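So the chains spell out like this:
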Amino acid sequence: VERFASLCLAGDEPGARAMLERNPNLLAEAPKDLVFKAASAGRKEAINLVLDLGFDPDWQDDCAALHSAAGRGDEEVVRLLLEGGAALTLRDPWYDSTAIGWADFFDHTRLRDMLLSEGAICLFDALDYDRLDRVADVLSRDPEALNRPFAECLSREPKPEDWQTPLVRMVDRGKTEAVRMLLDHDADITAGHPDGRTLLQLARDNAHQEITGLLQERGATRNPRQ
C-alpha cells in the first residue's frame with residue numbers, strides 16, 4: 001500500500017497501474033487523502049493520476065485540497081481540482097468557508113473573483129460577496145438553495161444560530177440589494193431568525209430602515225411559526 005501511494009504521489013502512472021493489475025484491492029486500502037497530498041505538492045501528474053484512479057477530490061480533515069490550493073493562490077491546481085470534480089460549495093469544518101472564502105482571506109482576489117464568476121458556487125457565497133449577477137444561475141441549478149438554511153451547507157454539526165435561510169442572513173447583515181433580489185425570487189418571507197425574531201423584528205432591531213420598508217411592502221408580518 002505504501003509503495004502504491006508513493007507511486008501515485010510521484011505521478012508514476014505506469015507503475016501505479018501495474019500494481020493495481022496485480023492487486024486491485026490497493027484502491028480500497030490506500031490512504032483516502034491522496035488528492036490532498038498531491039495537490040499540496042503541486043504535482044500536476046500526481047493530481048491527474050489520483051483523480052483518474054477515483055480518489056475523492058473532496059476528502060477533507062482540516063480542509064479539502066481545493067481550500068488549500070485556493071488559500072495558496074495556486075490557480076493551476078485549483079483548475080485541475082475543479083475539472084476533477086472538486087466542489088466549490090464544500091465548506092471546511094473549522095471556518096465554515098468554501099474555497100472562495102479561503103482565496104478571499106489570503107488576499108488572492110483575482111482567484112476569488114475567477115471562482116465567483118466561473119464556478120458552480122453556493123448561494124451564500126454569491127450573496128456574501130455581492131455577486132447578485134450569479135443568483136439566477138445558482139437557483140437554476142439548485143432551486144432549493146433559495147430557502148436552504150446555512151446549517152445544511154456545513155460539514156460539521158450545526159449550531160442553533162446556523163439555522164438561517166439566505167434571506168434571514170441578508171436581513172441580519174443589512175444587505176439591502178441582496179434582500180431585494182431574494183424577495184424577487186420569492187424567498188420565504190415567513191422564515192425567522194433562530195432566536196425567534198421575525199424578519200421585520202430583525203430588520204428593526206438592526207436599524208435597517210430600507211430593508212424594513214422592503215419587507216413591509218412584501219407583506220411581512222408575524223412569523224406564523226411563532
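Coordinates for the structure precede this section.
Everything numeric here is computed off the predicted structure, so don't read it as measured data. (Residues numbered from 1 in each chain as written. Predicted model: local features only at pLDDT ≥ 70, side-chain atom pairs only at ≥ 80, totals over all residues. Heavy atoms only, no water.)

Quick word on the overall build of the protein chain
Short version of the rule: Working definition: helices are DSSP H or I runs of at least four residues, strands are E runs of at least two. Numbering for both runs from the N terminus. Accessible surface is estimated by sampling points in the Shrake-Rupley manner with a 1.4 Å probe; for residues, cover comes only from the protein chains shown. By the counting rule applied here, Lys and Arg register as positive and Asp and Glu as negative, while His and the ends of each chain are not counted. Throughout, a charge is located at the NZ atom of Lys, the CZ atom of Arg, the CG atom of Asp or the CD atom of Glu.
Helix and strand content of the protein chain: 15 helices and zero strands. Oriented by its inertia axes, the alpha-carbon framework of the protein chain measures out at about 70 × 35 × 30 Å. Surface summary for the protein chain: the accessible area is close to 11300 Å², and the carbon and sulfur share equals 47%. Within the protein chain, the 42 negative side-chain charges are centred at a point lying 1 Å from the centre of the 27 positive side-chain charges.

Description of the packing of helix α5 (residues 44-52) against helix α7 (residues 75-83)
In a packed pair of helices, the relevant descriptors are the angle between the two axes and the axis-to-axis distance. Selection rule: The axes are straight lines fitted to the C-alpha atoms, using for helices just the contacting stretch, and the angles between their N-to-C directions are given from 0 to 180°. Note on angle classes: values under 35 degrees are labelled roughly parallel, values over 145 roughly antiparallel, values of 65 to 115 roughly perpendicular, and the remainder oblique. The crossing is said to be left-handed when, going from far helix to near helix, the turn is anticlockwise and less than a right angle, and right-handed when the turn is clockwise. Working rule for contacts: check all heavy atoms of both residues, and any pair within 4.5 Å makes them a contact.
Interaxial distance between α5 and α7 falls to 10 Å at its minimum, and their mutual angle equals 15°. The orientation of α5 relative to α7 falls into the category roughly parallel. As α5 packs across α7, the resulting crossing turns out to be right-handed. Each of Lys-44, Ile-47, Asn-48 and Leu-51 in α5 lies in contact with α7, whose residues at this interface are Glu-76, Val-77, Leu-80 and Leu-81.

Observations regarding helix α13 (residues 176-184)
Along an α-helix, residues three or four apart share an orientation, since each turn contains 3.6 residues. Put simply, the test is: For each residue, the accessible area found with a 1.4 Å probe, counting protein chains only, is set against the maximum for its type, and the residue is called buried under 20%, exposed over 50%, and partly exposed in between. This arc is taken over the directions from the axis of the helix to the C-beta atoms.
What α13 keeps buried is the set Thr-176, Ala-178, Val-179, Leu-182 and Leu-183. Each buried residue of α13 sits inside an arc of 165° when the element is viewed along its axis, so together they form one side. Buried residues in α13 make contact with α10 (123-128), α12 (166-173) and α15 (209-217). At the exit of α13 stands Asp-186, carrying a positive phi of roughly 65°.

Some details on the pattern of salt bridges
We apply this condition: The term salt bridge refers to a pairing of a side-chain nitrogen on Lys or Arg with a carboxyl oxygen on Asp or Glu at a separation within 4 Å.
Using the criterion set out here, one finds 24 salt bridges in the structure. For the salt bridge of Arg-91 with Asp-125, the shortest nitrogen-to-oxygen distance reads 3.6 Å. Residue Arg-91 is found in the loop between α7 and α8 (99-105), and its partner Asp-125 is found in helix α10; the two are separated by 34 residues along the sequence. In this structure, Asp-130 engages Lys-175 in a salt bridge whose closest nitrogen and oxygen atoms are separated by 2.8 Å. Linking Asp-130 in the loop between α10 and α11 (135-141) with Lys-175 in the loop between α12 and α13, this pair joins segments that are 45 residues apart in sequence.

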